[in-house]
Amino acid sequence: MIDYFALGLTHVLIVIALLRIFARAQLDREDELVDPPAEPARVTPREARRQRRRKGGDDA
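Residues numbered from 1 in each chain as written. Predicted model: local features only at pLDDT ≥ 70, side-chain atom pairs only at ≥ 80, totals over all residues. Heavy atoms only, no water.

A.B. asks: Can you help me understand the overall build of the chain in this one?
C.D. replies: For the chain, the helix and strand inventory stands at two helices and zero strands. For 60 residues, the compact-globule estimate of 2.2 N^0.38 gives 10 Å, and the chain exceeds it by more than 25% at 31 Å. Considering only C-alpha atoms, the chain reaches an extent of 95 × 30 × 10 Å along its principal axes. Just so you have it, the chain exposes about 6,800 Å², and 59% of that area is on carbon and sulfur atoms. The positive charge centre, built from 11 side chains, and the negative charge centre, built from 10, are 13 Å apart in the chain. (Helix = DSSP H or I, 4+ residues; strand = E, 2+ residues; numbered from the N terminus. Rg over C-alpha atoms; globule rule 2.2 N^0.38 Å. Areas by Shrake-Rupley, 256 points an atom, 1.4 Å probe, with all protein chains shown as cover. Lys, Arg positive; Asp, Glu negative; His and termini not counted. Charge placed at Lys NZ, Arg CZ, Asp CG, Glu CD.)

Have a look at this one:
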């Protein structure tokens, strides 16, 4: 008798938890997908040196 009670109690608690989760208003809406503003590409110091060397030729 106790085994059936424990088994039934756990299943009832799981069903109650699922009902509470599915009844939440947060599940009914989705936030708008908005792309964040694009940041300008930052040039690393190493890449800046490479660009200067390409522009200046072999003089450097």
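A.B. asks: What's the story with helix α2 (residues 45-56) in this structure? I'm lost.
C.D. replies: The terminal C-alpha atoms of α2, which comprises twelve residues, lie 16 Å apart, in line with the 16 Å expected from a rise of 1.5 Å per residue. Here α2 lies mainly on the outside; zero of its twelve residues are buried. (Expected span 1.5 Å × (residues − 1). Buried < 20%, exposed > 50% of the residue type's maximum accessible area, 1.4 Å probe, protein only.)

A.B. asks: Where do I start with a positive patch on the surface in this structure?
C.D. replies: Together, Arg-46, Arg-49, Arg-52 and Arg-53 make up a region of like positive charge exposed at the surface. Here Arg-49 is to be found in helix α2. On the accessibility criterion, Arg-49 (40% relative accessible area) is partly exposed. (Patch = residues over 30% accessible without salt bridge, like charges linked within 9 Å, V, L, I, M, F, W, Y side chains within 5 Å. Salt bridge = Lys/Arg side-chain N within 4 Å of Asp/Glu carboxyl O.)

A.B. asks: Is there a simple way to think about a nonpolar patch on the surface in this case?
C.D. replies: A cluster of nonpolar side chains, Phe-5, Leu-9, Val-12, Leu-13 and Ile-16, forms an exposed patch at the surface whose accessible area comes to about 480 Å². Tracing the sequence through the fold places Phe-5 in helix α1 (residues 2-22). Given a relative accessible area of 58%, Phe-5 falls into the exposed group.

A.B. asks: What is the right way to read the environment of Tyr-4 from this model?
C.D. replies: If you trace the backbone, Tyr-4 turns up in helix α1. The class of Tyr-4 is exposed, set by a relative accessible area of 67%. Along the backbone, Tyr-4 and Arg-53 are 49 residues apart, and their C-alpha atoms lie at a distance of 80 Å.

Functional significance is not addressed by these values, which are geometric in nature.
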